[in-house]
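An overview of the molecular structure
What follows is each chain in one-letter form.
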Amino acid sequence: MTGISVSFGGVAALSDVSLTVEPGQVHGLIGPNGAGKTTLFNVACGLVRPSAGRIVWRDQELRRLKPSQLSGLGISRTLQGVGLFAGLTVLENVMIGAHRHAKAGFFSALLALPTADKDDRLLRERAQQALVELGAESYADRYPGSLPYPVQKRVALARALVAEPDLLLLDEPASGLSEDEMHELGELIRAVTTRMSVLLVEHHMDLVMRVCDRITVLDSGQQIAAGTPAEVQANPAVTEAYLGDDVDVEADAAELASGGSNA
Amino acid sequence: MSDSQTPTSAAGAATEEAPVEATAAANAPSAQAAGGRSFLPKSTLLRHLVVVLLAIVAAVVILEITDPFTNSQLAQLSYYAIAAGGLTVLTGLNGQVSLGHGALMAVGAYTTALFLQADEPVPLPLILLVSTLVATVVGALVGVAAARLHGPYLAGATLALAVGLPGLAIYFHDIFGGEQGMRVRAPQPPDAFKDFISFVSGNSATGTKWLAYVGAICLVITYFLLANLVRSRIGRTWRAVRDQDVAAELAGINLGTWRVLAFTVSAAAAGLAGGVLALVIRLAAPSGFTLVLSLSLLTAIVLGGLGSLLGALLGSALLVFLPPFVTDLGADFGLDNTEAAQLAPFVYGVVLIVAMIFAPAGFVGTVRLRWLTYRAKQRAAAARSSSGG
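As the structure is a computational prediction, the values presented were derived from the model and not from experiment.

A word on the overall build of chain B. When helices and strands are tallied, chain B shows 15 helices and two strands. The globule rule puts the C-alpha radius of gyration for 389 residues at 21 Å, and the 22 Å found for chain B is close to it. For chain B, the residues scored as buried account for 47% of the 389 residues in total. In chain B, the proportion of contacts linking residues at least 24 apart, taken out of those at least 6 apart, comes to 79%.

This is how it looks when you write it as structure tokens:
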């Protein structure tokens, strides 16, 4: 994506942001709250139309992108919450994710032709495989509402993976996870890069620094830094955006020691 | 804006309740994880054909052991149930509320009436098929127009259909007979049917009985096809669109297309129901397709359990059999005829209110939720005993 700008009414949510996800890489997108990370994601998904800029995917410009075309293009996305279908079992949820691999049409379903059964069996196998990969196969028959949040997150990830995308967009996959679970997630993300590229929005710095090959930093809709994790960490503009201006460690320490009355 | 879903469930809650209670009846999983043992055939087609066979036997038995009046009531039940089945798929599975299904039934009824006016009418199955197709086309047009609307807005738009369409029949009174409607000449039962009845029970094969059988056949075919859809990927996709439209869209589902498809399918059922209705009451008139008809269908599927075909059948049965039952009961208690007749809507209203308070998931939905809770408890108990011992 190059030169993406978005404004809602008079508010400029993004101005002239560019980033490129290289094949097989994990690209991190970070920034303080309200920096425009999710908006950029929504642009990439066709949920928000940019007022300027181009989105290019596999050397082709995507104009008038609609969210429903996304999976056909080989792009999957998870939502910031979990966005699971409450009335569907876990297995069915993941089967919906494999929608683009379904072949049997309306009339074979209407007449319950064996082709529809066979097609459904293939989808089910795919979905079960994805659940096994994420260690959630024992929940296949349950409804998502009754499951612990981390399990729901895994199911949502399975639903995105089962489409076998070339680009996986993860919107805060680690929110609500414990330290151990986050570690597992990091390993999983590294593991899938053999099959696909990943664009990751995340708040947990240690996870981002560990798994990402490249990082783009946004602040108030502006792109303030880009590069490898080490480069980004060393960039003073990034520290400033996250911690406010001029970090004076000694002054902070002195204030803490004196009891910090105006905290 | 897209990320509407926030986590609400308590971690590790031991229930298996489907959280959307109102549509719990619709959520019978279309895919079981491997391992469950079952005596039913694996193939959906075989399984549903077994049910169809049982339904046919049951229909013949019921129609032959009951008197002609009950036969005509059962014919009435069949057209209510056909329309309710279509509506429950739309409302329960896809989450769209339509108040216009009475009008779509009118489309089917008038088409049937027009075709039967001919001196040499085409065969009955063909007429009913054409009625279904005409209603399907009208339904598809309405569906396309309404695809961007949700909930109350869709209900409003379809309400306009329910109010407006019967008006067309009055406006074009030369063709549609205006306020008086069109008399329908019910076709005579074929000889094969008379032979069949005399072979099975020896009852007289009257026109009423023939129409009850026509209704039953249409009902079985409709439910067979709808059940196939519900249990397939199509039904699953509809439920996904109902539960989380953004997530469904991201999975590659074109929301508009699938909503229109659901509306079209349910319009087809309504059209067939209208055709059967015209045959059974031998009249297609605007007064038969008021808003009350659409509302009755909605209450029927809500009482039975949204999204369940069995629920739609039960709700329709309540619609047909409760009023005469209550009227008889009132007469037994010494009320005069008018008072007894007024009792029926009152009792129906009370039943509806009681159901909404104590069983908001409808009959089938409530049973299903109980079953799920029971199973979850058993599973929890099993887990406890295995970890304790």
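What follows concerns the nonpolar core. Judged by nonpolar contacts, the single largest core of 181 residues is most densely connected at Val94(A), Ala158(A), Ile82(B), Ala83(B), Met105(B), Ala273(B) and Val276(B). In terms of domain composition, this core takes at least three residues from each of domain 1 (1-74 + 165-263) and domain 2 (75-164) of chain A.

Turning next to the interface of chain B and chain A. The interface is formed by 48 residues belonging to chain B together with 50 residues belonging to chain A. For the side of chain B that touches chain A, the secondary-structure elements that each account for two or more residues are helix 1 (44-65), helix 8 (207-230), helix 9 (233-243) and helix 10 (245-250) of chain B. When its residues are assigned to classes, the side of chain B that touches chain A shows 22 nonpolar, 18 polar and eight charged.

So, about the environment of Gly81(A). All names here are of chain A. Along the chain, Gly81 falls in the loop between strand 7 (75-77) and helix 2 (90-97). On the basis of neighbour counts, which here come to 23 C-beta atoms within 10 Å, the residue Gly81 falls in the buried class. Residues Gly81 and Tyr149 lie 68 residues apart in sequence; the distance between their C-alpha atoms is 9.8 Å.

Residue and element names in this part refer to chain A. Counting buried positions over the five residues of strand 3 (residues 26-30) gives five, a clear majority of the element. Residues of strand 3 alternate between two faces, with Val26, Gly28 and Ile30 on one and His27 and Leu29 on the opposite face, all of them buried. Note that strand 3 and strand 9 (residues 197-201) share four bridges and pair parallel. What sits directly across from His27, in strand 9, is Leu199. In terms of strand pairing, strand 3 meets strand 10 (residues 214-219) through four bridges, oriented parallel. Of the residues in strand 10, the one forming a bridge with His27 is Arg214.

All names here are of chain A. Assigned domains of chain A: these are domain 1 (1-74 + 165-263) and domain 2 (75-164). Among the elements of the structure, helix 1 (37-45), strand 8 (167-171) and helix 6 (179-192) are those that each provide at least two residues to the side of domain 1 that touches domain 2. Broken down by element, the residue count for the side of domain 1 that touches domain 2 peaks at five residues, all from strand 8. Classifying every residue of the side of domain 1 that touches domain 2 gives eleven nonpolar, five polar and three charged.

What follows deals with the sheet that holds strand 7 of chain A. Residue and element names in this part refer to chain A. Strand order in this open sheet of six strands is 7-8-9-3-10-11, and the pairing throughout is mixed. On the outer flanks of this sheet lie strand 7 and strand 11 (222-227), each paired with one strand and no other. Ignoring strand direction, the axes of neighbouring strands in this sheet form an average angle of 15°. Both strand 8 and strand 9 contribute to a ladder of five bridges, which runs parallel. Across the sheet, the residue bridging to Leu168 is Val198, located in strand 9.

Analysis parameters
Residues numbered from 1 in each chain as written. Chains lettered and ligands numbered in written order. Predicted model: local features only at pLDDT ≥ 70, side-chain atom pairs only at ≥ 80, totals over all residues. Helix = DSSP H or I, 4+ residues; strand = E, 2+ residues; numbered from the N terminus. Rg over C-alpha atoms; globule rule 2.2 N^0.38 Å. Buried ≥ 20, exposed ≤ 12 C-beta atoms within 10 Å, placed from the backbone. Contact = placed C-beta atoms within 7 Å. Core = buried A, V, L, I, M, F, W, Y, C linked by C-beta atoms within 7 Å. Domains from an automatic or database assignment. Nonpolar A, V, L, I, M, F, W, Y, C, P; charged D, E, K, R; others polar. Pairing = 2+ DSSP bridges. Axes fitted to C-alpha atoms, helices over the stretch in contact; angles between N-to-C directions.

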